[in-house]
Amino acid sequence: MGLLQDTIDRIAPRDANLRAQARQRLEALIMPHWALGRLMDLAEDLAGITRSLRPPVIRKAIYTLAADHGVVAEGVSKYPQEVTPQMVTNFVAGGAGINALARQAGATVVVVDMGVAADISALAAAGKILSRRIGPGTKNMAREPAMRREEAIAALEAGIDLARQAAGTVDVFGTGEMGIGNTTPSSAIVATFSGSPVAEVTDHGTGIDNDQFAHKVQVIERSLAVNRPDPSDGLDVLAKVGGFEIGGLAGLILGAAALQRPVVIDGFISTAAALIAQALCPTATDYMIAAHRSVEKGHRVALEKLGKQPLIDLDLRLGEGTGAALAMNFLEAAVRILTEVATFAEASVSRPDA
């Protein structure tokens, strides 16, 4: 049995008994009923995910996976492909948005080369990034499948391995990415799983103008017509219109679920990866926490397909894991509510119905 199937087989639903115990305590806290709203919902979820009334959430890591995309040759991005390795170097230097927000959240940033179309092996050799390289970027999905099915499995299993390697050191996983052009495969993935017209799940990405947007929609439509990805087969969708970093993130999500750890899903590209993970193992959705709602209009459709309500809505559209870093603060807040706020009985305060 391969690592992918073994991991899927080990993913169990959240613990209903621990969720019930958490709800019982939350309902007895010294405040009007459910007065802290969705933070209390989150605390209940975390208890079920971690099988604990004191959910561990202190050790946080955001995995920023980088890879390139052959479809960039179609002119779908405002930025050239060499920006991908340049940004990886910036992550290592600590000067990117994700670095600043991860520091604020007390999270480690783990940068992973899944398939950057440049030689960044020196960074891996120096221990500054991890290499789980599948190849030098995907093929041009507008003309052929983005990758072979075997490569899709390798990307997924690389992500699973990242989670397994961190089993003893990470309580909360966060997803992030870097790859010029990666909103294009993400839109293709969301269109495939949702059945929505491409124009309704595609946006301006890094800031393309209206003419470029119309061209981008046509490229995605052509990609779907050429490849005909099967929405009932998550592996087929990933192989035909996905990306190496998207596959790695989907694998990381599955790996976190198998470990019974929460995984905070960042923005549009990360949520496309979450749809792949959901297609491969619907139960894995129990372990996903949607960080935020991106301004990318396809993100709303993707979140609806996942059945997730995001924690924040701040008009973010950077990626890298920045939304996940911000949302990790809310996980700590939710656990503090569950574990530190007294109940009416503990505080010797009369209940409102006494």
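Residues numbered from 1 in each chain as written. Predicted model: local features only at pLDDT ≥ 70, side-chain atom pairs only at ≥ 80, totals over all residues. Heavy atoms only, no water.

**Student:** Break down the overall build of the protein for me, with residues and values.
**Tutor:** Secondary structure assignment for the protein yields 15 helices and six strands. What you see for the protein is a C-alpha radius of gyration of 20 Å, in line with the 20 Å of a compact globule of 354 residues. When the backbone C-alpha atoms are referred to their principal axes, the protein occupies close to 70 × 45 × 40 Å. The 354 residues of the protein split such that 57% are buried. For the protein, contacts bridging at least 24 residues in sequence account for 75% of all contacts bridging at least 6. Of the roughly 13800 Å² of accessible surface on the protein, a fraction of 50% belongs to carbon and sulfur atoms. Averaged over its 33 positive side-chain charges, the protein has a centre that lies 3 Å from the centre of its 39 negative ones. (Helix = DSSP H or I, 4+ residues; strand = E, 2+ residues; numbered from the N terminus. Rg over C-alpha atoms; globule rule 2.2 N^0.38 Å. Buried < 20%, exposed > 50% of the residue type's maximum accessible area, 1.4 Å probe, protein only. Contact = heavy atoms within 4.5 Å. Areas by Shrake-Rupley, 256 points an atom, 1.4 Å probe, with all protein chains shown as cover. Lys, Arg positive; Asp, Glu negative; His and termini not counted. Charge placed at Lys NZ, Arg CZ, Asp CG, Glu CD.)

**Student:** Give a description of the sheet that holds strand β4 (residues 172-178) that names residues and reports values.
**Tutor:** Strand order in this open sheet of six strands is β3-β2-β1-β4-β5-β6, and the pairing throughout is parallel. Either end of the sheet is taken by a strand with one partner, and the two such strands are β3 (130-131) and β6 (288-290). The pairing of strand β2 (residues 107-115) with β3 spans two bridges and is classified as parallel. The residue of β3 that forms the bridge with Asp113 is Ser131. The strands touched by helix α14 (residues 322-340) are β1 (60-67), β2, β4, β5 (263-265) and β6; relative to β4, the strand with the most contacts, the crossing angle is about 170 degrees. (Pairing = 2+ DSSP bridges. Axes fitted to C-alpha atoms, helices over the stretch in contact; angles between N-to-C directions.)

**Student:** Residue-level account of the packing of aromatic side chains, with values.
**Tutor:** Taken as a whole and judged by the stated rule, the model has one aromatic pair. Where Tyr63 meets Phe173, the ring centres are 5.9 Å apart and the plane angle is 35 degrees; that geometry is what we call tilted. Of this pair, Tyr63 sits in strand β1 while Phe173 sits in strand β4, and the two are 110 residues apart along the sequence. In this structure, Tyr63 and Phe173 share a single accessibility class: buried. Across from the ring centre of Trp34, 4.3 Å away, lies the NZ or CZ of Arg23, which sits over that ring. (Phe/Tyr/Trp six-rings, centres within 6.5 Å; stacked < 30°, edge-to-face > 60°. Lys NZ or Arg CZ within 6 Å of the ring centre and 35° of its normal.)

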